[in-house]
Amino acid sequence: MSRRLRFRGEHRLKVDGKGRMSIPASFRRVLEAGDPDWEKDSKDNGNPGFVMVYGNPRLPYLECYTVEEMERIEDRIDAMKSGERKRMLSKIYSSGSVNASVDDTGRIVIPAKLRGRYGIDGETYAVASLNKFQIWAADRYQPTDAIEEDDLMDELPEDPMEWLDEAEEV
């Protein structure tokens, strides 16, 4: 069984006036591994693709998925029975998404309409969230080492790994 790379960490990054933002090297490795069409040293496929999702109006950040992860999500949505939930998930993850890629200099472009929607101007945080990463406006994100109190802190056991007992076996 091959090891699947995951996103890790949080990174404060600059965004220029054209919406270009550097992607941390560790995030680029995950995007490369998660793009079946990416080929190292290829002139045609040298830049990994990914998907930016902006369709969930309740989220204050952009979600970015590898191509393979988005295909898994789409397959699960496609397998659902027809109805309102399937329609809403299709709207969020299909209509509310855009294909993107990392350029030759390790940067991405955040479209102007998405920069406006999420208040991204000047600086952002790229924040790992296991199978995806989030892009936050710097003034809207609270870094992990700055969190003093969270709603779940009162429930946090001494060993948070206990919560994994609730997870399905993978």
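It should be noted that the structure appears before, not after, this text.
Bear in mind the structure is a predicted one, so any value in this text is a computation, not a measurement.

1. As for the overall build of the protein
Within the protein, the secondary structure is distributed over four helices and eight strands. Listed by position from the N terminus, the elements making up the protein come as β-β-α-β-β-α-α-β-β-α-β-β. The buried share among the 170 residues of the protein stands at 36%. Expressed as a percentage of contacts within the protein between residues at least 6 apart in sequence, the contacts between residues at least 24 apart total 62%. For the protein, the exposed area adds up to about 11600 Å²; of that, 46% sits on carbon and sulfur atoms.

2. Overview of the sheet that holds strand β5 (residues 97-101)
Pairing within the open sheet is antiparallel, and its six strands lie in the order β1-β7-β8-β4-β3-β5. The open sheet has two edge strands, β1 (10-14) and β5, and neither has a second partner. Adjacent strand axes in the sheet meet at a mean angle of 25 degrees, parallel and antiparallel pairs treated alike. Pairing between strand β7 (residues 123-129) and strand β8 (residues 132-137): six bridges, direction antiparallel. Residue pairing for β8: Ala128 is matched across the bridge by Phe133. Across the sheet, helix α3 (residues 84-95) lies against β3 (49-53), β4 (62-66) and β5, angled at about 25 degrees from β5, the strand it touches most.

3. What to know about the environment of Lys18
For Lys18, the location among the structural elements is in the loop between β1 and β2 (20-22). When the C-alpha atoms of Lys18 and Pro111 are compared, they prove to be 8.5 Å apart, with 93 residues separating the residues in sequence.

4. Considerations on the nonpolar core
Within the largest apolar cluster, 25 residues are counted, with the highest numbers of intra-cluster contacts made by Met52, Leu62, Ile108, Ile110, Phe133 and Ile135. Elements that contribute at least two residues to this core include exactly α1 (25-33), β3, β4, α4 (112-118), β7 and β8. Aside from chain neighbours lying at most four places away, what touches Ile110 is Gly19, Met21, Met52, Leu62, Arg115, Ile120 and Ile135. Judged by nonpolar contacts, the second largest core, of eight residues, contains Val51, Ile73, Ile77 and Ile92.

5. Some remarks on the packing of aromatic side chains
Counting across every chain of the model gives eight aromatic pairs. Arranged with centres 5.2 Å apart and planes meeting at 70 degrees, the rings of Phe7 and Phe27 form a pair that is edge-to-face. Here the residue Phe7 occupies a position in the segment before β1, and Phe27 occupies one in helix α1, the gap between them amounting to 20 residues. Both residues of the pair, Phe7 and Phe27, count as buried. With a centroid separation of 5.3 Å and an interplanar angle of 55 degrees, the aromatic rings of Trp136 and Tyr141 are classed as tilted.

6. Brief notes about unusual backbone geometry
Its identity is not glycine, yet Leu130 carries a phi of approximately 55 degrees, on the positive side. Its location among the elements puts Leu130 in the loop between β7 and β8. Take Leu130: its relative accessible area is 59%, and that puts it in the exposed class.

7. Some thoughts on helix α2 (residues 67-78)
Taking 1.5 Å of rise per residue, the twelve residues of α2 would be expected to cover 16 Å, and the 16 Å separating its terminal C-alpha atoms lies within 8% of that figure. The complete set of buried residues in α2 reads Val67, Glu69, Met70, Ile73 and Ile77. Viewed end-on, α2 has its buried residues packed into an arc of 160 degrees, placing them on one side of the element. Exposed side chains of α2 directed beyond 90 degrees from the buried face belong to Asp75, Arg76 and Asp78. Against the buried residues of α2 lie β3, β4 and α3.

8. Observations concerning α3
Taken together, the buried positions of α3 are occupied by Lys86, Ile92 and Tyr93. All buried residues of α3 fall inside an arc of 135 degrees around its axis, so they share one side. Opposite the buried face of α3, at more than 90 degrees from it, the exposed residues are Glu84 and Ser95. Where α3 is buried, its residues touch β3, β4, α2 and β5.

Criteria and thresholds
- Residues numbered from 1 in each chain as written.
- Predicted model: local features only at pLDDT ≥ 70, side-chain atom pairs only at ≥ 80, totals over all residues.
- Heavy atoms only, no water.
- Helix = DSSP H or I, 4+ residues; strand = E, 2+ residues; numbered from the N terminus.
- Buried < 20%, exposed > 50% of the residue type's maximum accessible area, 1.4 Å probe, protein only.
- Contact = heavy atoms within 4.5 Å.
- Areas by Shrake-Rupley, 256 points an atom, 1.4 Å probe, with all protein chains shown as cover.
- Pairing = 2+ DSSP bridges.
- Axes fitted to C-alpha atoms, helices over the stretch in contact; angles between N-to-C directions.
- Core = buried A, V, L, I, M, F, W, Y, C linked by side-chain atoms within 4.5 Å.
- Phe/Tyr/Trp six-rings, centres within 6.5 Å; stacked < 30°, edge-to-face > 60°.
- Expected span 1.5 Å × (residues − 1).
- Arc of directions from axis to C-beta.

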